Amino acid sequence: MGKMKIIVTGTGYVGLVAGVCFAEKGYDVTCVDVDEEKIEKLSNGISTIYEEGLEELLKKNIKKGNLHFTINYKDAYKDADVIFIGVGTPEGKDGAANLFYVETVSRQIAETIEKDCLVVVKSTVPVGTNDKVETFIKEDLVNNVKVEVASNPEFLSQGHAVRDTFEAKRIIIGTNSQKAEKLLKEIYEPFNLPIVSVSRRSAEMIKYACNNFLALKISYMNDIANLCELVGADINEVATGMSYDNRIGADFLRAGIGYGGSCFPKDTKALKYLAKQNDYTLRTVQSAIEINEEQKIKLYKKACERLNTFEGSKVAILGVAFKVGTDDLREAPSLINIDLLLERGANIYAYDPVAIENLKKRYSTRIHYTTNIEEAIKDSNVCFIFTEWEQIKEFKPRKYKELMKMPIIYDGRNIYDTKEMKENKIEYYSIGR
Ligand code: UDX
């Protein structure tokens, strides 16, 4: 066999990062998407998402001739050895994952492939979807070729997706056929990472079980944080104490404004829905979702009690991205707060080092956008912190006192030391302390 030809369809986070990383390992990769504008940009070496190190590898591999982009799926699929599906599975009605794109791509594959091919589902899909993909393809297959379908979920986290791909903790391979398993192992060999080989349905479940577990962990910490406030304990100290126990682990113990992003909110609802479809109530996940919903507006509610009105007040918002290292606003806890504050007549001045452009798309002239923290907080009546950017962490507490009209801060990320805030005569509210 010559150089293996890999196709990745869907150039969002999952697909684009996978495509670029396979190319970097020397494969001949073609990325397919229906969005012409995206493909045009990517072909010119311009990354369509903000991801550390991605654009560099994109440019490098295009230059080397390993990496191509096209909207012409027919040409791309026809002689592919492997096709990775990385299209979106947006949240649909009742929280169920919408599989429209997965189905469309499956049928397109069936209509175009001209040789035996392995189809690998990388998108996060409900248990049983790989079986469906196999059925879709078999139903519509035009040529007399053999197709295998395998599940290969990814665990990358936005902001360090490239690093997470090359240094993944494990590669999950879900197959019901030895041939597919062997081929996928071969593809991942150059990555030199631990491989866990399981059934297709287990692979699909592993992805959901992981994301839901992490969401639960965060909601648990938020739950404990709320109790800490009532009994006079400090959640940051509690988390530090917990982190030394490696049965618990040191990660994802940060209490705060609640989880957001493109995965946890969607995947918790999808798993809850999957359980419901099977006449089961997933009580743990149900609670995690409820706690998160309340957590997002906890500080807003506190501020409402303290300030009575926001009508005409200058409200500074520091950080809007759903987490550090990304310009993504999907399900960002900042958004519901901005909406509520706007409803109550607040005059909002937002600062974020990278997500301002996306914020503009959403709020246009309804709020003000600033390029630095000083501008946002100057003469403001109150300040909310929603993302723990380094720029905000480094900002000196005394400057709030100097610049704000009333130094009242609601910090959803526990950035500052409570003692230091007191010394600076700032009215400071955070989470769980
Ligand atoms: C997540 C998973 O980490 C990744 O494995 C999966 O493939 C996709 O979903 P991502 O959404 O990029 O990745 O972000 P992550 O870093 O996990 O954070 C998710 C949310 O949880 C953010 O809003 C973050 O601020 C919040 N969070 C995280 C906390 O509130 N506390 C923590 O301790 C950790």
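Rules and cut-offs
- Residues numbered from 1 in each chain as written.
- Predicted model: local features only at pLDDT ≥ 70, side-chain atom pairs only at ≥ 80, totals over all residues.
- Heavy atoms only, no water.
- Axes fitted to C-alpha atoms, helices over the stretch in contact; angles between N-to-C directions.
- Helix = DSSP H or I, 4+ residues; strand = E, 2+ residues; numbered from the N terminus.
- Parallel < 35°, antiparallel > 145°, perpendicular 65-115°, else oblique.
- Left-handed = near helix turned anticlockwise from the far one by under 90°.
- Contact = heavy atoms within 4.5 Å.
- Nonpolar A, V, L, I, M, F, W, Y, C, P; charged D, E, K, R; others polar.
- Phe/Tyr/Trp six-rings, centres within 6.5 Å; stacked < 30°, edge-to-face > 60°.
- Buried < 20%, exposed > 50% of the residue type's maximum accessible area, 1.4 Å probe, protein only.
- Domains from an automatic or database assignment.
- Salt bridge = Lys/Arg side-chain N within 4 Å of Asp/Glu carboxyl O.
- Polar contact = N/O pair within 3.5 Å; in protein donor to acceptor, adjacent residues only side chain to side chain.
- Patch = residues over 30% accessible without salt bridge, like charges linked within 9 Å, V, L, I, M, F, W, Y side chains within 5 Å.
- Areas by Shrake-Rupley, 256 points an atom, 1.4 Å probe, with all protein chains shown as cover.
- Lys, Arg positive; Asp, Glu negative; His and termini not counted.
- Charge placed at Lys NZ, Arg CZ, Asp CG, Glu CD.
- Pairing = 2+ DSSP bridges.
- Near = heavy atom within 4 Å.

Caption draft 1: Focus on the packing of helix H9 (residues 200–231) against helix H12 (residues 283–296). It is the contact of H9 with H12, at a shortest axis distance of 9 Å, that shows an interaxial angle of 55°. Here H12 runs oblique to H9, going by the angle between their axes. Read as a crossing pair, H9 and H12 show a hand that is left-handed. Across the interface between the two elements, Asn212, Ala215, Leu216, Ser219, Asn222, Asp223 and Asn226 from H9 touch Thr284, Val285, Ala288, Ile291, Asn292 and Gln295 from H12. When grouped by side-chain class, the residues that make up the contact of H9 with H12 number five nonpolar, seven polar and one charged.

Caption draft 2: Quick peek at the packing of aromatic side chains. Under the counting rule described, the total for this entry stands at 17 aromatic pairs. Considering the side-chain rings of Phe22 and Tyr27, the 6.2 Å spacing of their centres and the 80° angle between planes classify their relative orientation as edge-to-face. Each member of the pair, Phe22 as well as Tyr27, is classed as buried. Note on Tyr416 and Tyr428: the rings are 6.3 Å apart at their centroids and 75° apart in plane angle, and the pair reads as edge-to-face. Taken together, the residues span a long stretch of sequence, with Tyr416 in the loop between strand S13 (408–411) and helix H19 (418–423) and Tyr428 in strand S14 (residues 427–429) at a distance of twelve residues. As far as the burial class goes, Tyr416 and Tyr428 line up, both buried. Grouped by ring-pair contacts, the aromatic residues Phe22, Tyr27, Phe84, Phe166, Tyr188 and Phe191 constitute a single cluster.

Caption draft 3: Just the packing of H9 against helix H11 (residues 264–277), in detail. One way to put it is that H9 packs onto H11 with a least axis distance of 9 Å and a crossing angle of 115°. For H9 against H11, the interelement crossing comes out left-handed. Facing Met205, Lys207, Tyr208, Asn211, Asn212, Leu214, Ala215 and Ile218 of H9, the residues of H11 in contact are Phe264, Asp267, Thr268, Ala270, Leu271 and Leu274. A per-class count over the contact of H9 with H11 returns nine nonpolar, three polar and two charged.

Caption draft 4: Seen up close, the side chain of Asp328. With respect to the element layout, Asp328 can be found in the loop between strand S9 (314–318) and helix H14 (333–343). Apart from the residues lying within four places of it in its own chain, the contact partners of Asp328 are Tyr13, Gln158, Ala321 and Phe322.

Caption draft 5: Spotlight on the domain arrangement of the protein chain. According to the domain assignment, the protein chain contains domain 1 (5–198), domain 2 (207–295) and domain 3 (297–429). Between domain 1 and domain 2, the contact holds 16 residues from the first and eleven residues from the second. At the boundary of domain 1 and domain 2, one finds two salt bridges. Between Glu91 and Lys269 there is a salt bridge, with its nearest N and O atoms 3.2 Å apart. The interface formed by domain 1 and domain 2 includes six residue pairs in polar contact (both at pLDDT 80 or more). Residue composition of the side of domain 1 that touches domain 2, by class: eight nonpolar, four polar and four charged.

Caption draft 6: Examining a negative patch on the surface more closely. On the surface, a cluster of negative charge is made up of Asp35, Glu36, Glu37 and Glu40. Along the chain, Glu40 turns up in helix H2 (residues 36–43). Given a relative accessible area of 52%, Glu40 falls into the exposed group.

Caption draft 7: Layout of the sheet that holds S13. With parallel pairing, the six strands of this open sheet are ordered in space as S11-S10-S9-S12-S13-S14. Two strands lie at the open edges of the sheet, namely strand S11 (368–370) and S14, each paired on one side alone. Direction aside, neighbouring strands of the sheet carry axes that sit 20° apart on average. With four bridges joining them, S9 and strand S12 (residues 382–385) adopt parallel strand pairing. Of the residues in S12, the one forming a bridge with Val315 is Val382. In the packing of helix H13 (residues 298–307) onto the sheet, contacts are made with S12, S13 and S14, and the angle to S13 comes to roughly 160°.

Caption draft 8: Layout of the site of the ligand. The ligand sits among 18 residues. The nearest are Gln158, Arg254, Gly260, Phe322 and Arg413. At a separation of 3.0 Å, an oxygen atom of the ligand approaches a polar side-chain atom of Lys323. In the environment of the ligand, an oxygen atom lies 2.9 Å from a nitrogen or oxygen atom belonging to the side chain of Arg413. For the ligand, the protein covers 94% of the area, taking 660 Å² as the surface of the free molecule. Broken down by element, the residue count for the shell around the ligand peaks at three residues, all from H9. Among the residues forming the shell around the ligand, the class breakdown is nine nonpolar, four polar and five charged.

Caption draft 9: Quick look at the side chain of Thr70. Looking at the secondary structure, you find Thr70 in strand S3 (residues 67–70). Judged by its relative accessible area of 19%, Thr70 is buried. Of the polar contacts made by the side chain of Thr70, one reaches the backbone nitrogen of Asn72; its length is 2.9 Å. Discounting residues that sit within four places of it in the chain, Thr70 has contacts with Thr30, Cys31, Val32, Asp33, Ile39 and Ala76.

Caption draft 10: Quick look at the pattern of salt bridges. Scanning the model with the defined rule gives 30 salt bridges in all. Between Arg107 and Glu139 there is a salt bridge; the shortest N-O distance is 3.2 Å. Here the residue Arg107 occupies a position in helix H5 (residues 100–112), and Glu139 occupies one in helix H6 (residues 129–140), the gap between them amounting to 32 residues. For Arg107, a relative accessible area of 22% translates into the label partly exposed. A salt bridge links Glu293 to Lys296, with the shortest nitrogen-to-oxygen separation between them at 3.5 Å. Here Lys296 and Glu293 lie together in helix H12, a separation of three residues that amounts to about one turn. Looking at Glu293, the relative accessible area reads 39%, which means it is partly exposed.

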